[in-house]
Structures are given as structure tokens and as C-alpha cells.
Amino acid sequence: MSKRARLGCMVALLCGLLLAVSACGGGSSGGGTEGGSAEGTPAKPSEVSGHLTVWDVFYKLFPEYTKAVKPLDEAFEKKFPNVTVEHVAQGFEQYPALVQAAFTAREGPDVMMMLPSYSGVLNYTAGLEELNGKITPEMKEQLSYWYTMTPGYEEEGPHYGVPIGSTEFIFYYNKKLFKKAGLPTTFEPKTWDEVREAGEKLKAAGIQPFVGGDKEGYEDQWWWMLGWPTVNTKQQSIELGEGEIPFTSEEFAKAWGPEEMMEKAGLLQKSRFTTPFFTEGYEQFSEGKGGMILGGSTTTAYWGEFNKALGEENVGMFYSPGAEYVTAGPEFGWSIPKFAPNKAASWAYIEFMASKPAMELLYEKGGLLPNRKDVKLPADAPRQAKEVVELYENNETFDDVAHLIPNTVAAQLSKEAPEYFQGRISMEDMQKSLQEKFEKEKK
Amino acid sequence: MSSSPETHALGGPALDRRGPTARIRLRRAVGRFTPWLLLAPAAALLVWLLAYPLGDAVHLSFTNWDGFSAPKSIGLDNFTELAHDKHFKEALLHNLIIVASLPIWIAIPYFIAWGLHTKVWGWRFFRFAFFLPAVFSPVVIGVYYGMVLKPDGPLNGLLRAIGLGGLAHEWLNQPGLTLGVVIAIIIWSTFGVGVLIFLSALANLDEELVEAAHVDGASRWQIQRHVVFWQLLPVIEFWAIIIVIASFTAFFPLIYTLTQGGPGFSTYTADYDLYQEAFAGGNMGYASAIGVVLLIVIGLVAGLTVALLRWRRRLA
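First, a word on scope: everything that follows refers to the structure included in this document. Just so it is clear, the model here is predicted, and its values are computed rather than measured.

1. Details of the overall build of chain A
Now for step 1: Looking only at helices and strands, one finds 18 helices and eleven strands in chain A.
Now for step 2: Relative to the 2.2 N^0.38 estimate, which gives 22 Å for 443 residues, the radius of gyration of chain A is 23 Å and therefore close to what a compact globule would have.
Now for step 3: When its C-alpha atoms are laid out on the principal axes, chain A stretches across 70 × 65 × 45 Å.
Now for step 4: Across the 443 residues that make up chain A, the buried fraction comes to 59%.
Now for step 5: Partitioning the intrachain contacts of chain A with sequence separation of at least 6 by distance along the chain shows that 77% fall at a separation of at least 24.
Now for step 6: Surface accessibility of chain A: about 17,300 Å² in total, with carbon and sulfur atoms responsible for 52%.
Now for step 7: Between the centroid of the 44 positive side chains of chain A and the centroid of its 63 negative side chains there is a distance of 5 Å.

If you want it as C-alpha cells, here you go:
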């Protein structure tokens with residue numbers, strides 16, 4: 001091969017790298033803001049037309065939710081016959097990257113699903129439409145969790161999304177296995193020690209106390225989230241998100257207490273660090289392989305699936321014992337990116353999805369708890385659904401702390417926490433590393 | 001061409017005299033410009049798709065840009081931060097460890113190609129079989145090995161079944177082991193390309209030299225070492241450069257699907273870091289700085305590799 005040919009090959013190969021480097025380049029013109037009109041009025045079907053592309057993270061990921069998507073879109077298209085909807089399923093883990101790429105390219109869907117608070121919608125306010133001019137007084141009055149769509153976590157202020165559903169995390173227990181271990185079948189622990197003792201009894205009876213999966217590090221994050229309100233206040237969670245409380249603080253470290261306690265007592269599975277939660281982990285509970293699991297209060301790893309497998313009467317629930325407040329928030333929010341070409345149709349879609357009939361349908365087909373005051377659960381709703389609604393209605397609620405910190409910090413937390421629990425790094429190392437990441441992100 | 005008196009009056013003969021020279025000049029000019037003309041569309045594409053975005057990325061590396069608002073110039077801040085970024089340094093180290101496996105990466109396809117070149121029994125099948133992994137998407141390979149290497153997966157199952165349970169490991173959850181596993185999978189998935197490249201080079205081998213060495217009583221190993229190797233050295237250089245560049249840029253999809261940079265950050269690589277910063281963190285300026293540093297590092301490592309191989313050739 002001649003020198004020139006070799007040089008040519010080298011240049012050609014370097015070109016590949018240049019393409020990768022240049023992918024970070026590109027236009028940087030700012031998007032415009034649609035002027036805030038007077039308070040919104042309901043969209044009129046005769047005035048709205050076009051084709052809508054909707055990006056959805058839960059569609060095709062969560063089986064129960066997926067069942068609701070088609071009927072909901074069809075109901076919308078029936079009400080707005082001049083609008084067609086293309087519902088696009090996006091990967092959960094890749095979603096922040098896709099959203100970022102769409103905003104940078106100023107191209108993408110008409111309607112975007114957004115996770116609540118800083119983990120989603122509030123991280124992208126620069127690229128999203130402010131919706132106050134469109135939100136009707138009725139919608140504002142009926143829906144809860146507006147603060148998760150508003151900078152500063154206030155009920156009033158610019159809203160960048162419309163909250164849908166009501167959810168968070170909760171502990172489930174298998175009553176049959178509890179009975180077998182000589183434990184009460186109505187388990188209402190007042191302290192974490194009681195949870196540990198129950199776990200130890202299960203273990204003594206040859207039953208795996210906790211099942212799940214932590215390959216992605218999500219489960220550690222959830223333990224931390226549910227540990228947080230038992231040692232800190234909701235104001236402290238905001239302060240952590242805003243950098244007033246550092247990750248190197250006692251407040252942060254203390255929230256790991258419950259998981260540390262269970263880990264130390266040998267109640268968590270050894271294989272959890274190599275078990276993916278969503279595809280394998282939570283199914284173990286449905287299969288009766290463990291006494292307890294930390295799961296979602298709707299959608300996946302929730303009573304709907306557990307009830308089917310274990311029987312409604314055998315699935316019990318309890319919340320973090322001694323919590324100062326209960327973590328609760330919307331399942332997601334619907335937002336309109338500034339670059340969306342047909343904002344009228346986009347808004348019509350969101351308005352419909354937040355309406356009473358749509359939220360009833362969402363519960364009926366997908367099991368998502370409603371966040372509309374005028375939507376009540378049907379009389380034959382599972383006992384667990386009613387208990388969750390009661391829990392949220394009868395307690396002070398606030399979004400979970402993991403939603404209040406930058407995505408990248410939460411992602412790093414999910415990477416480092418399994419390392420900590422496997423004894424590879426110290427709590428101090430993890431705290432220092434997270435604080436560094438946080439400072440970098442805030443800068 | 002016949003000339004009339006009129007053409008004479010109009011200076012026809014003079015034209016005739018100059019005619020061939022002008023034509024030659026024109027032909028030469030056309031000859032000179034034709035390659036440029038033919039290259040122009042490709043060059044324009046290169047400028048549009050590479051030079052401009054590269055310039056833009058270099059420009060962005062000196063800015064703070066979140067992808068939404070206008071980039072803010074911050075001088076060398078991104079590079080200063082990068083110099084203190086422990087995850088980036090760790091990632092770069094992992095890339096360099098992957099590059100350090102270069103001798104294995106060269107040796108395996110080289111010797112397999114030599115074996116196939118000697119037309120061992122079933123060589124056509126083996127050539128196909130060895131190349132097969134190269135046609136699989138890195139995503140497929142990542143997902144596949146993710147399943148195979150699970151603690152209760154087929155590999156550990158096999159080891160236990162044949163009484164080697166002591167060798168069973170959490171292959172993808174042991175920081176000291178996982179990078180090695182990733183490198184092994186990367187080599188497995190790419191060596192087929194190397195085999196093909198070496199096979200085609202071996203097909204063009206100067207057989208007379210080999211025969212001469214044989215006549216002079218050289219052993220197979222001596223022929224291999226003193227005759228074949230030196231003839232293949234330019235191809236080895238080529239393969240080495242491909243590997244060096246690929247080590248820094250091509251295995252992101254595999255790592256993303258197999259380990260996601262974990263456990264912890266033990267398989268985190270520079271291209272993975274670039275992706276995380278740009279698209280998960282929205283730090284486009286910082287990610288551009290990573291890209292620029294990566295480009296420089298690749299240039300240096302590739303240059304060093306070639307220089308090393310040439311120095312070896314000169315020594316010989």
C-alpha cells in the first residue's frame with residue numbers, strides 16, 4: 001500500500017470521528033415564544049385540524065398503560081375529526097437524550113410526554129411553551145400537582161406542562177407469605193425497625209424478605225426517595241435540588257438509612273445488582289418468590305399486576321413508616337415544544353387528555369389513578385387503588401426528592417449507589433462525587 | 001482543413017500555425033482542471049458535512065451551550081474543567097486500555113488468516129464463520145452477551161455443568177473483570193474484518209520470496225517471521241489505525257447495551273462520556289470539548305502506532 005493510499009485511508013477513518021465530533025455542532029438559533037393570551041377557552045373541534053405526533057415514554061413499556069393509549073387517541077380523534085394522531089413509543093432510558101436532541105435541532109413531536117419537576121419538564125423550560133394562556137380555569141381547578149410543572153414548585157406561576165395521573169412508590173407485601181412466617185396480615189409498621197423485624201421473620205421462615213432488581217440502580221434511588229421523607233422535610237428536598245443542602249450533608253446520607261438497615265440485615269437479594277427491575281425484578285413478587293417489594297403505586301410493579309397473580313386479598317401495602325409527608329405526584333405531564341408547528345391541535349390533544357372522560361378512560365383501561373378532583377374511582381375498584389387514593393388525600397403530599405435534582409445527578413446516583421451497597425465505594429466518596437456532578441450541572 | 005485566400009487575408013495561416021499550440025494548451029488546461037472539477041462535488045460534501053460542523057464543534061468547545069439559548073463564550077473553561085474531570089480521565093484510561101490490547105487484536109486475525117490461507121480443511125466455512133460476528137449490530141451483540149453473561153446465564157450454567165463452577169463469575173458486575181470481558185467481546189466482534197483484510201493481503205503475497213526462503217531451508221516459522229510478516233506490515237499498519245480509531249469511537253453502542261459504562265464507571269469510555277454530556281446532560285459546549293480532545297488523542301495515538309510500526313520496520 002502506497003504512502004498516499006495509507007494517508008487517504010487514515011483521513012477517511014478520521015472523517016468518521018469528525019462526524020461524531022460534529023454531531024455536537026449545529027444551529028443555535030433561539031425559538032420564539034407564543035404570546036400569552038387571556039385565560040384559555042376550550043378548543044373547538046371545527047377550528048382544529050392537522051396531524052399530531054406524540055412522543056410517549058410509557059407507551060409499549062408499561063403493558064397496562066399501553067392498553068389505554070389507543071382508546072384514548074381514538075376518543076380524541078372522534079371528538080376532533082380533523083386531527084389525526086401518531087403515537088410514538090420512545091425508550092425510557094434514551095428519552096432525555098432524544099428530547100435534548102429534538103430541542104437542539106428544533107425539530108420533533110407536537111406533543112411531548114415529560115416527567116414531572118426537574119427530572120423532566122422543568123429541565124427543559126427553555127424549549128417548552130408556557131401554557132398558562134391556554135389552561136382553562138376549569139382545568140386549573142380540577143387538576144392537582146400543578147407545582148410539578150412550575151419553576152419553584154409553586155401552584156401558581158408559568159406552567160410548562162399539564163399533569164396527568166397520580167403516582168409514586170410504595171411497599172407491597174404478600175399476605176400469604178406473611179401469614180406463613182407468623183406475621184400479621186394487616187401490616188402497618190410505625191418504624192423501619194418493624195419492617196426489618198418482619199423481614200427477619202420472613203427470612204427465618206425460609207422466605208426471601210425483599211425481591212426486586214437493581215441492575216439499573218433505580219431500586220436504590222427509590223429506597224432513597226422513600227427514606228427521605230422519614231428523616232427530612234419537603235422544604236429540605238427543594239433545598240437539595242437548589243443546592244442549598246449539599247449532597248455531602250447529613251440530610252442526604254441519612255435518607256439511605258432504611259436501605260442500609262435492610263442490606264445489613266441481609267434482607268435484600270444478593271443477585272439484585274445483576275437483575276433488571278422492569279423485565280425481571282418485580283415479576284418475582286407476582287410469582288410469590290418474596291415477602292415484600294418496593295413498587296409503583298400505579299402502572300408497573302403495581303397492585304393491578306400483583307392482584308392478578310396473587311389475588312387481591314393477598315396483596316398488602318404500606319408506606320414509609322414515620323414519614324413527615326407522603327411522596328406523590330403526576331405520572332407524567334403533557335407539554336408542547338416551542339418548535340411544534342400546530343400548537344392549536346397540540347393543545348386540543350392535551351386538553352382532551354386532561355378532561356374527565358379521558359382520565360376515567362385512563363383509569364379504566366390503564367389503571368392510572370386520576371389527578372382530577374371530579375374523577376372518583378368506581379365502586380368496584382381494587383382495595384389497593386382506594387387505599388392509595390386515601391393515602392394521598394389524607395396526607396400532606398409532595399413530589400419525590402429524586403425528581404427535584406438534575407437528571408444527570410440522578411443518573412449518577414443510580415450508578416454509584418449500587419457500588420456503595422456492594423462495598424466498593426464509601427458513602428463519603430459517593431457524596432463527594434454527586435456533589436461535584438451537581439455543581440458542574442448547576443454551573 | 002483547406003484554407004481559402006480569405007482565410008489567408010484574415011490571418012488564417014497564422015491561426016493554423018498557432019492552432020495546435022492553443023489546442024494543446026486548452027487540452028492541458030482541461031486536463032489540469034478536470035480532476036478538480038470531478039472532486040468538487042465530493043469536496044463540497046466534505047466541507048458541508050465535515051469541515052463546517054468540525055469548525056462549529058471546535059467553536060462550541062469554547063462556549064457554554066445548553067442547546068436552547070445562544071452559546072456563551074467561556075474561553076478555555078471547558079478544557080480546564082475537562083482536565084479535572086475524574087470521570088473523563090477514567091473514561092480515557094479505559095479507551096487506552098482497549099487500545100493496549102492492540103497486539104492481540106492484530107495477532108488473532110493475522111494467524112487465523114494465515115491458517116485459512118494455507119487452505120486448511122473447511123477453510124471456506126471458517127472464513128464465513130469468523131466473519132459472521134462482524135455483520136451483527138453492536139446493539140445485538142450487547143444484548144446477546146448481556147443475557148449470556150448473567151450470573152444465572154448460559155455461560156455460568158455451562159461452567160457449573162462441567163464441574164468448573166469455581167470459574168463462574170458475575171461477569172458484568174465485577175469492576176476488575178468487566179472491562180476485560182468487554183474487550184474480549186469487542187475483539188470477538190471485529191476480528192473477522194481483520195481476517196478478511198489479512199487474507200486479501202496474503203493473496204497478493206510474493207510467493208517467489210516464500211519459495212526462495214523455503215529453498216534456502218527456512219522453517220515455516222522463519223518464513224512467517226522474516227518474509228511474510230514484513231510484506232504484510234503495511235496492511236498491519238492499516239488495521240492498527242482502524243483499531244485505534246474504532247477503540248475511541250465505535251464501541252459506544254456495545255457498551256451502552258451491555259454495561260452502560262458500569263459497574264459504577266468501570267467500563268465508561270470517552271465516547272460514552274461525550275454522549276452523556278451532550279444528550280443526557282445537555283452540556284453541548286462541554287461535549288464538544290470532549291470531542292475535540294478525543295480527536296487530538298486519536299491523532300496522537302494513531303500517529304504513535306504508525307511511527308512505532310515504521311520504526312520497527314526500519315530497525316529490521
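2. A look at the packing of aromatic side chains
All names here are of chain A.
Now for step 1: The final tally for this structure, using the stated rule, is 66 aromatic pairs over all chains.
Now for step 2: Taken together, a centroid distance of 4.5 Å and an interplanar angle of 25 degrees make the contact between Phe169 and Trp222 stacked. Note that Phe169 is positioned in strand 5 (residues 169-174) and Trp222 in helix 7 (residues 218-231), a separation of 53 residues in sequence.
Now for step 3: Given the relative accessible area of 6%, Trp222 is considered buried.
Now for step 4: Note on Phe277 and Phe278: the rings are 5.4 Å apart at their centroids and 90 degrees apart in plane angle, and the pair reads as edge-to-face.

3. Some remarks on the interface of chain A and chain B
Now for step 1: On the chain B side, the residues contacting the 49 residues of chain A number 64 residues.
Now for step 2: Between the two partners, chain A and chain B, sit four salt bridges.
Now for step 3: Our enumeration of links across chain A and chain B arrives at 17 residue pairs in polar contact (both at pLDDT 80 or more).
Now for step 4: Elements with a minimum of two residues in the side of chain A that touches chain B: helix 1 (3-22), helix 3 (95-105), helix 17 (407-421) and helix 18 (427-442) of chain A.
Now for step 5: Among the elements that line the side of chain A that touches chain B, the one with the most residues is helix 1 of chain A, at eleven residues.
Now for step 6: When its residues are assigned to classes, the side of chain A that touches chain B shows 18 nonpolar, 17 polar and 14 charged.

4. Comments concerning the nonpolar core
Now for step 1: Of all hydrophobic cores here, the largest spans 139 residues; its most connected members are Tyr65, Phe76, Met112, Val162, Tyr172, Trp224 and Trp334 of chain A.
Now for step 2: Formed jointly, this core draws a minimum of three residues from each of two domains, domain 1 (45-167 + 329-374) and domain 2 (169-327 + 403-442) of chain A.
Now for step 3: Within the second largest apolar cluster, 84 residues are counted, among which are Phe191, Leu202, Ile255 and Ala287 of chain B.

5. A look at helix 10 (residues 257-264) of chain A
All names here are of chain A.
Now for step 1: Buried within helix 10 we find Pro258, Glu259 and Met262. End-on, the buried residues of helix 10 take up no more than an arc of 95 degrees, which puts them together on one face.
Now for step 2: Buried residues belonging to helix 10 abut helix 6 (192-204), strand 6 (208-210), helix 7, helix 9 (250-254) and helix 17.
Now for step 3: One or two residues past the end of helix 10 sits Gly266, with phi positive at roughly 70 degrees.

6. Some points on the sheet that holds strand 6 of chain A
Residues and elements named next belong to chain A.
Now for step 1: As summarised here, the arrangement of the four strands in space is 6-7-5-8, forming an open sheet in which the pairing is mixed. Looking at which strands have only one partner, the edges of the open sheet turn out to be strand 6 and strand 8 (315-318). On average, each strand axis in the sheet is tilted by 30 degrees relative to the strand beside it, whichever way the strands run.
Now for step 2: As paired strands, strand 6 and strand 7 (residues 290-296) are joined by two bridges and run parallel to one another. Paired with Phe210 across the bridge in strand 7 is Met292.
Now for step 3: Contacts from helix 7 reach strand 5, strand 6 and strand 7, with the element oriented near 105 degrees to strand 5.

Calculation rules
Residues numbered from 1 in each chain as written. Chains lettered and ligands numbered in written order. Predicted model: local features only at pLDDT ≥ 70, side-chain atom pairs only at ≥ 80, totals over all residues. Heavy atoms only, no water. Helix = DSSP H or I, 4+ residues; strand = E, 2+ residues; numbered from the N terminus. Rg over C-alpha atoms; globule rule 2.2 N^0.38 Å. Buried < 20%, exposed > 50% of the residue type's maximum accessible area, 1.4 Å probe, protein only. Contact = heavy atoms within 4.5 Å. Areas by Shrake-Rupley, 256 points an atom, 1.4 Å probe, with all protein chains shown as cover. Lys, Arg positive; Asp, Glu negative; His and termini not counted. Charge placed at Lys NZ, Arg CZ, Asp CG, Glu CD. Phe/Tyr/Trp six-rings, centres within 6.5 Å; stacked < 30°, edge-to-face > 60°. Salt bridge = Lys/Arg side-chain N within 4 Å of Asp/Glu carboxyl O. Polar contact = N/O pair within 3.5 Å; in protein donor to acceptor, adjacent residues only side chain to side chain. Nonpolar A, V, L, I, M, F, W, Y, C, P; charged D, E, K, R; others polar. Core = buried A, V, L, I, M, F, W, Y, C linked by side-chain atoms within 4.5 Å. Domains from an automatic or database assignment. Arc of directions from axis to C-beta. Pairing = 2+ DSSP bridges. Axes fitted to C-alpha atoms, helices over the stretch in contact; angles between N-to-C directions.

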